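# Topology and contacts: notes
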Amino acid sequence: MATNTGLVTGVNGNMVTVVFDGDILLNEVGYILIGEERLKSEVIRISGNSASMQVFEMTNGVKVGDSVEFTGELLSVELGPGLLTQIYDGLQNPLPELAAQCGFFLQRGVYLQAIPDAQWEFTPVVKKGDTVSPGETLGTVPEGIFTHKIMVPFGFSDGAWKVVSIVKKGSYNVRSEVAVLEDEKGKKESVSMVFTWPIKRPITRYKERLKPTEPMITQVRIIDTFLPVAKGGTYCIPGPFGAGKTVLQQMTSRNADVDIVIVAACGERAGEVVETLKEFPELIDPKTGKTLMERTTIICNTSSMPVAAREASVYTAVTIGEYYRQMGLDVLLLADSTSRWAQAMREMSGRLEEIPGEEAFPAYLESTIASFYERAGIVRLKDGSTGSVTIGGTVSPAGGNFEEPVTQATLKVVGAFHGLSRERSDARKYPAIHPLDSWTKYSSVINQDKVSYARSILFRGNEVSQMMKVVGEEGTSLDDYTTYLKSDLLDSVYLQQNSFDPVDFAAPIERQQIVFDLLFEVLASELNLEDKKEARSYINEMRQAFIDWNNTPQDSERFGQYKDEISSALKSRFISYDKKAMKILQSNQVV
Amino acid sequence: MQKIYTKIDSISGNVISVKAENVRNGDLAVVTSKHGESLANVIKLNGENVTLQVFAGGRGVSTGDKVRFLGYPMRISYTEDLMGRVFNGSGIPRDNGPTLDENMIEIGGPSVNPAKRIIPRNMIRTGIPMIDVFNTLVESQKLPIFSVSGEPYNEVLARIAMQAEVDLIILGGMGLKYDDYLFFKDTLEASGAMSRTIFFVHTASDPTVECLLVPDISLAVAEKFALDGKKVLVLLTDMTNFADAMKEIAITMEQVPSNRGYPGDLYSSLASRYEKAVDFEGAGSVTILAVTTMPGDDVTHPVPDNTGYITEGQYYLKNSRIEPFGSLSRLKQQVNKDTRDDHRALMDGMIKLYASFKESVEKKSMGFQMSEWDDKLLKYGDLFESKLMDLSVNIPLEEALDLGWDILSDCFDPKETGMRSELVLTYWPKDN
Ligand SMILES: Nc1ncnc2c1ncn2[C@@H]1O[C@H](COP(=O)(O)OP(=O)(O)O)[C@@H](O)[C@H]1O
Ligand SMILES: [Mg+2]
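Please read these numbers as outputs of a predicted model, since none were measured by experiment.

Right, let's talk about the overall build of chain A for a bit. For chain A, the helix and strand inventory stands at 15 helices and 28 strands. Relative to the 2.2 N^0.38 estimate, which gives 25 Å for 591 residues, the radius of gyration of chain A is 27 Å and therefore close to what a compact globule would have. Overall size of chain A, expressed as C-alpha extent along the three principal axes, is 90 × 55 × 40 Å. For chain A, the residues scored as buried account for 60% of the 591 residues in total. Across chain A, the fraction of contacts at a sequence separation of at least 24, relative to all contacts at a separation of at least 6, is 71%. Surface accessibility of chain A: about 22,100 Å² in total, with carbon and sulfur atoms responsible for 51%. Each charge class in chain A was averaged separately, 61 positive and 77 negative side chains, and the resulting centres sit 3 Å apart.

Printed below as a string of structure tokens:
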């Protein structure tokens with residue numbers, strides 16, 4: 001591949017202009033040489049023999065006339081066994097190794113190998129003479145709890161490749177040759193366990209895309225029951241600062257029912273990632289018995305790290321996600337926050353002096369956001385198995401106003417919207433997902449009719465509460481008042497969930513089923529209540545019992561006892577079921 | 001010897017440009033005019049055109065003035081002799097003391113590798129219940145005080161600084177009123193803390209560019225002391241002035257504004273400063289408390305808004321009280337699990353009830369009949385405000401927690417509070 005050189009002609013923040021000879025590619029990587037330091041950069045505009053490059057480092061010390069080396073390669077990541085448990089920056093630089101080499105600070109210009117030079121136990125699944133195509137499996141290695149497939153590099157040309165040679169079962173270095181393949185024209189290529197892939201190009205080495213239907217359980221009640229997300233789907237969490245976006249994602253990264261989690265800490269606080277970094281290697285995943293770290297890769301390009309690398313970081317993350325999807329695994333990508341990524345685009349666009357759109361975001365903001373979320377999906381692979389990438393992104397709207405460009409562009413493309421409300425977080429009602437404004441296109445594991453019924457109580461309760469602001473409690477009928485109390489009960493014992501309680505922080509779906517069924521009965525019952533005072537006091541007791549129940553481990557004796565206590569407290573006041581609810585209950589029994 | 005350039009091509013606001021060779025981005029220069037000398041630094045290069053921002057401002061600079069490039073970026077002396085001294089934003093003494101030039105360090109250095117950070121673990125006690133109980137301050141936290149102008153934010157800042165057990169205080173003043181500067185100085189002197197304080201002060205009448213340098217210079221020094229094992233508290237007041245100085249330069253540079261005239265990189269610029277807060281494993285720490293005044297009491301104004309997304313919470317100062325709503329310490333859960341087992345539940349429970357109290361107040365103000373429950377809430381709210389929220393209250397955390405239970409039991413039945421039964425059993429005052 002041709003490599004070219006150039007000379008710096010200008011510096012403006014992290015954008016450097018360069019004159020070059022020969023041919024260069026858009027999105028090609030180049031290095032600016034200042035003394036001993038090499039600053040990684042990407043070509044983002046070419047005109048004539050001048051190129052604009054965004055530099056993934058601070059540019060102090062760069063001067064006109066400094067030389068530039070082009071690599072001929074697009075901005076890419078390394079894919080292969082060893083990606084899990086890693087902590088990378090936005091360009092896949094391993095941060096712990098960097099720390100071991102450079103100490104406390106991020107020294108610019110130091111780029112280390114992304115995939116560690118380890119030995120892996122390789123078992124071939126093809127033999128000499130077989131034909132394979134890109135994305136098909138040549139062999140496997142055990143990566144922690146997963147069978148990691150060593151595949152024909154995705155960048156190989158379409159069509160049949162003949163296996164010229166393949167190594168025997170045994171231990172090999174990740175970068176040593178495991179196979180030689182030959183294409184139809186007789187061109188031979190050596191294959192190791194590692195190959196590269198340009199991050200801005202989706203990996204599509206699968207047979208077909210499917211419709212996301214199977215729910216991805218998060219163990220957050222309000223999500224799984226009311227606002228579910230499907231495997232291979234997309235969702236967004238917009239919310240003002242402090243509303244609980246990050247905590248919600250942290251909980252999801254622990255508890256989600258997927259194989260692999262990619263955490264993309266994109267342009268937000270370093271301290272928050274540190275919690276994940278330090279806690280995951282200690283936390284045991286009850287499903288696998290191994291630490292959570294073994295199913296996790298962290299891409300960490302926090303707010304004070306270079307902005308251009310932040311722009312790249314979400315692509316690095318999704319590319320790694322797509323790679324594991326090719327192995328038939330379910331991957332969840334959590335990006336916090338996509339607004340910082342959008343702002344990184346805005347900064348660059350400003351330096352390129354492009355015509356600004358709304359709030360100075362570039363005109364291509366919407367299409368860029370859409371094509372990013374489009375990389376999620378559940379797919380059928382060439383071997384018939386399925387794999388998925390689910391993407392959940394937080395959005396940090398300026399001023400907490402959802403009308404701004406990033407939120408709006410995101411809402412157009414995602415399958416579920418978990419909008420956080422300042423009002424709810426101020427009142428410490430966590431997770432502060434607004435139960436009425438939020439929506440989903442996916443369906444719940446919990447009986448849909450019961451869920452709709454509960455939602456209608458929330459609506460009605462909200463109406464009554466609005467009305468009470470006008471006519472006062474005294475102007476409200478006992479019936480309406482009871483509905484209001486019921487909706488408040490549903491909110492405080494089911495929608496709200498304490499992320500910092502050792503039991504309540506995760507509600508398995510079976511548990512949600514049990515609690516929701518009983519709560520549904522409470523909501524659906526006409527109760528024998530004398531007056532408002534009695535109604536309030538009765539519902540308060542219920543609330544207390546449910547809260548205590550939520551804080552009780554499911555495998556403890558108390559769990560069943562609470563259930564019985566609540567049931568009998570309900571019986572003591574029960575008159576009859578509401579008509580609509582009666583129908584739901586009956587149609588359920590028929591099954 | 002450095003070449004001296006004698007032709008300035010353009011002067012616009014605080015930004016000048018000259019044709020020069022071999023100049024590096026970020027490097028310093030000395031601009032000599034008939035009013036004296038000023039430092040300037042390179043902010044843009046385009047072919048032979050070099051753009052600089054002049055620390056003392058562009059006013060009075062003439063096209064024939066001299067520009068001499070120094071070949072290094074902005075630096076400050078790092079020495080124990082900084083203690084008790086007062087400097088301006090360029091690091092020049094404003095206290096008639098000697099100029100310091102040994103052991104020069106660069107400002108605005110690289111950020112800490114996230115993999116080297118540790119989870120914050122030490123509570124900073126302030127004696128203010130709205131902080132200690134409800135929004136605990138933690139060593140290495142970065143936290144602004146959001147305030148309307150006219151609120152006693154500098155008093156609160158000073159009070160926390162006096163109470164906190166730190167080795168060193170660095171005060172970065174931006175657009176500080178001279179009276180406020182004297183207030184800090186007097187307070188620190190009276191408490192004997194002046195000898196472990198360093199001032200970098202830009203007052204309202206000083207040149208804009210110097211305002212821009214204050215956070216970097218303060219934090220560079222703080223970082224060095226922390227690496228040498230010191231617990232450093234950095235007070236920055238007022239960051240809104242800093243942001244406005246950035247805006248001014250951005251507009252002069254004809255950058256496309258993103259939001260109410262502020263540049264698109266406002267978030268990144270603020271973040272690179274605030275993220276200097278850190279706890280170095282095996283060494284000291286940097287904690288940042290900053291004031292962000294909110295123009296028009298509008299928390300959605302770009303400066304408080306971007307700040308809130310960056311910092312680890314905020315104290316919201318309103319009517320001379322730290323408001324429970326809007327105030328947040330994001331690090332509180334790192335430390336409040338080890339204080340007392342009722343701390344978290346009480347913190348959440350009392351705020352939920354206070355929210356209900358606010359609703360009752362609203363109802364009442366609209367002339368509705370108050371139910372028995374409303375009356376209970378009204379009583380609760382009043383007690384909460386007078387006994388816990390008032391800024392004059394100064395009691396240790398444990399005492400404040402006990403007081404919280406007293407207030408609850410004065411007003412409610414246990415089951416009305418939503419508190420877990422086992423906590424009620426332990427902490428509910430018995431004589432009620
Ligand atoms: N589910 C929750 N349970 C309890 N507290 C929460 C929860 N979610 C958020 N919080 C509180 O709110 C604070 C801010 O949450 P965070 O997720 O960091 O907000 P955001 O990312 O939206 O700015 C947390 O530090 C915590 O104190
Ligand atoms: Mg967050």
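Here the narrative resumes.
All right, on to the domain arrangement of chain B then. Residue and element names in this part refer to chain B. Segmentation of chain B into domains returns domain 1 (4-73), domain 2 (79-332) and domain 3 (343-427). Look at where the C-alpha atoms of domain 2 and domain 3 centre, and you get two points 33 Å apart. Taken residue by residue, the interface counts 22 residues in domain 2 and 21 residues in domain 3. The tally of links from domain 2 across to domain 3 stands at two salt bridges. Taking the shortest distance from any N to any O, the salt bridge between Glu-385 and Arg-321 comes out at 3.8 Å. Contributing elements (two or more residues each) for the side of domain 2 that touches domain 3: helix H1 (129-132), helix H2 (153-163) and strand S22 (321-322). When grouped by side-chain class, the residues that make up the side of domain 2 that touches domain 3 number eleven nonpolar, five polar and six charged.

At the junction of the two partners, chain B supplies 76 residues and chain A supplies 78 residues. Contact between chain B and chain A buries roughly 6,400 Å² in total, counting both sides, with carbon and sulfur atoms accounting for 54%. Among the ionic pairs, Arg351(A) bridges to Asp265(B), the shortest N-O distance being 3.5 Å. At the boundary of chain B and chain A, one finds 31 residue pairs in polar contact (both at pLDDT 80 or more).

What surrounds ligand 1 is a group of 17 residues, the closest being Gly242(A), Thr246(A), Val247(A), Ser499(A) and Arg330(B). Bordering ligand 1 are residues originating from chains A and B. Contacts to ligand 1 include Gly244(A), whose backbone N or O atom sits 2.9 Å from an oxygen atom. Against a free-state accessible area of 560 Å², the protein chains account for coverage of 95% of ligand 1. If one sorts the elements of the shell around ligand 1 by residue count, helix H3 (residues 245-255) of chain A sits on top with three residues. Residues of the shell around ligand 1, tallied by class, amount to seven nonpolar, six polar and four charged.

Okay, the packing of aromatic side chains next. When we look at a pair of aromatic rings, we describe it by the centre distance and by the angle of the planes. As enumerated under the stated definition, the model contains 42 aromatic pairs over all chains in all. Summarising the aromatic geometry, the rings of Phe241(A) and Phe146(B) are spaced 6.3 Å apart at their centres and angled 85 degrees between planes, so their arrangement reads as edge-to-face. Here the residue Phe241(A) occupies a position in the loop between strand S19 (234-238) and H3, and Phe146(B) occupies one in strand S13 (residues 142-147), the pair thus bridging two chains. Across this residue pair, the class does not change: Phe241(A) and Phe146(B) are buried. Their ring planes at 40 degrees and their centres at 5.8 Å tell us that Tyr380(B) and Phe384(B) sit as a pair that is tilted. In this pair, Tyr380(B) and Phe384(B) are both assigned in helix H10 (residues 372-389), four residues apart and thus about one turn of the helix distant. One aromatic cluster is present, formed by Phe134(B), Phe325(B), Tyr354(B), Phe357(B), Trp373(B), Tyr380(B), Phe384(B) and Phe412(B) through successive ring pairs.

For the rest of this paragraph, the subject is the domain arrangement of chain A. According to the domain assignment, chain A contains domain 1 (5-74), domain 2 (79-107 + 207-440), domain 3 (119-193) and domain 4 (448-590). For domain 1 of chain A and domain 3 of chain A, the distance between their C-alpha centroids amounts to 36 Å.

This paragraph deals with the environment of Leu98(A). One can find Leu98(A) in helix H1 (residues 95-102). We classify Leu98(A) as buried; its relative accessible area is 4%. Along the sequence, Leu98(A) and Trp439(A) sit 341 residues apart, while their C-alpha atoms lie 42 Å from each other. Sequence-distant contacts of Leu98(A), defined by excluding residues within four places in its chain, comprise Asn93(A), Gly103(A), Leu106(A), Val110(A), Leu112(A) and Asn113(B).

This brings us to the nonpolar core. All names here are of chain A. Judged by nonpolar contacts, the single largest core of 81 residues is most densely connected at Phe-226 and Phe-546. The leading source of residues in this core is helix H12 (residues 509-524), at nine residues. Both domain 2 (79-107 + 207-440) and domain 4 (448-590) contribute no fewer than three residues apiece to this core. When neighbours within four sequence positions are excluded, Phe-226 is seen to be in contact with Arg-221, Thr-440, Val-451, Ala-454, Arg-455, Leu-490, Tyr-494, Leu-495 and Phe-516.

Our focus in this paragraph is the pattern of salt bridges. Residues and elements named next belong to chain A. For the coordinates displayed, the defined rule picks out 57 salt bridges over all chains. In this structure, the salt-bridge partner of Lys-127 is Asp-130, at a minimum N-O distance of 3.4 Å. Among the residues examined, Lys-127 registers a relative accessible area of 55% and is labelled exposed. Across the pair Arg-573 and Glu-534 runs a salt bridge, and its minimum N-O distance is 2.6 Å.

Any two packed helices are characterised by the angle at which their axes cross and by the distance between the axes. Residues and elements named next belong to chain B. One can describe the packing of helix H9 (residues 343-365) onto helix H11 (residues 397-411) by two numbers: an axis separation of 11 Å at closest approach and a directional angle of 45 degrees. By the angle between their directions, the pair H9 and H11 is classed as oblique. The chirality of how H9 crosses H11 is left-handed. Together, His-343, Leu-346, Met-350 and Leu-353 of H9 and Leu-397, Leu-401, Gly-404, Trp-405, Ile-407 and Leu-408 of H11 make up the contact between the two elements.

Bringing the pairing of strand S5 (residues 36-46) of chain B into the picture now. Relative to S5(B), strand S1 (residues 5-12) of chain A is paired through three bridges, and the arrangement is antiparallel. Pairing of Gly10(A) across the sheet is with Asn46(B), part of S5(B). Of the strand pairs in this sheet, S5(B) and strand S6 (residues 49-54) of chain B are connected by six bridges, and their pairing is antiparallel. Looking across to S6(B), one finds that Asn46(B) is bridged to Asn49(B).

Our focus in this paragraph is H11(B). All names here are of chain B. Here H11 spans 21 Å end to end across 15 residues, near enough to the 21 Å set by a 1.5 Å rise per residue. Those residues of H11 that sit buried are Leu-397, Ala-400, Leu-401, Leu-403, Gly-404, Trp-405, Ile-407, Leu-408, Ser-409 and Cys-411. Where the residues of H11 are buried, they touch strand S11 (123-124), H1, H9, H10 and helix H12 (421-427).

Residues and elements named next belong to chain A. Pairing within the open sheet is antiparallel, and its four strands lie in the order S12-S11-S9-S14. Each edge of the open sheet is held by one strand with a lone partner, namely strand S12 (146-151) and strand S14 (170-173). Going from strand to strand, the sheet's axes swing by 45 degrees on average, the running direction of each strand aside. As defined by bridge partners, strand S9 (residues 119-124) adjoins S14 across four bridges and the pair is classed as antiparallel. Bridge pairing in S14 links Glu-121 to Ser-171.

The rules behind these values
- Position numbers for residues start from 1 in each chain and track the written sequence from start to end.
- Think of it this way: whatever chain is written first is A, whatever ligand is written first is 1, and the rest follow in order.
- Residues qualify for local features only when their pLDDT is at least 70, as the model is predicted, and side-chain atom pairs are given and counted only at 80 or more; totals for whole chains, interfaces and linings, by contrast, use all residues.
- Each side-chain value is derived from all of the structure's non-hydrogen atoms; neither hydrogens nor water enter the calculation.
- Numbering of helices and strands starts at the N terminus; helices are DSSP runs of H or I of at least 4 residues and strands are runs of E of at least 2.
- Atoms considered for the radius of gyration are the C-alpha atoms alone. The globule rule reads 2.2 Å times the number of residues to the power 0.38.
- The buried label goes to any residue with under 20% of its type's maximum accessible area, the exposed label to any with over 50%, and the partly exposed label to all in between, with areas taken from a 1.4 Å probe on protein chains only.
- For this analysis, residues touch if any pair of their heavy atoms sits within 4.5 Å.
- Only the protein chains shown count as cover for residues, with accessible areas throughout obtained via the Shrake-Rupley method and a probe of 1.4 Å.
- By the counting scheme adopted, Arg and Lys are positive, Glu and Asp are negative, and His together with the chain ends is not counted.
- Where a charge lies is defined by one atom per residue type: Lys uses NZ, Arg uses CZ, Asp uses CG and Glu uses CD.
- Boundaries of every domain are those given by an automatic assignment or by a domain database.
- Salt bridge, as applied in this entry: a Lys or Arg side-chain nitrogen positioned within 4 Å of an Asp or Glu carboxyl oxygen.
- In this classification, the charged set is Asp, Glu, Lys and Arg, the nonpolar set is Ala, Val, Leu, Ile, Met, Phe, Trp, Tyr, Cys and Pro, and all remaining amino acids, among them Gly, are polar.
- We define buried area as the total accessible area lost by two parts upon association, computed with a 1.4 Å probe and summed across both.
- Pairs of N or O atoms within 3.5 Å make up the polar contacts considered here, provided that, within protein, one atom can donate a hydrogen while the other can accept it, and that residues adjacent in sequence are counted only when both atoms are side-chain atoms.
- If even one non-hydrogen atom of a residue comes within 4 Å of a molecule or strand, that residue is called near it.
- Here the aromatic set is Phe, Tyr and Trp, taking the six-membered ring for Trp, and pairing holds for ring centres within 6.5 Å; pairs whose planes are under 30 degrees apart are stacked, those over 60 apart are edge-to-face, and all others are tilted.
- Among buried residues, the Ala, Val, Leu, Ile, Met, Phe, Trp, Tyr and Cys ones that are joined through side-chain atoms within 4.5 Å form a nonpolar core.
- Lines fitted to the C-alpha atoms define the axes, with helices restricted to the stretch that makes contact. Angles between their N-to-C directions range from 0 to 180 degrees.
- Working definition: roughly parallel below 35 degrees, roughly antiparallel above 145 degrees, roughly perpendicular at 65 to 115 degrees, and oblique for all remaining angles.
- The hand of a helix crossing depends on one turn: near helix anticlockwise from the far one by less than a right angle means left-handed, and clockwise means right-handed.
- A pair of strands counts as paired when DSSP detects no fewer than two bridges linking them.
- Each helix should span, by expectation, one fewer than its residue count multiplied by 1.5 Å.

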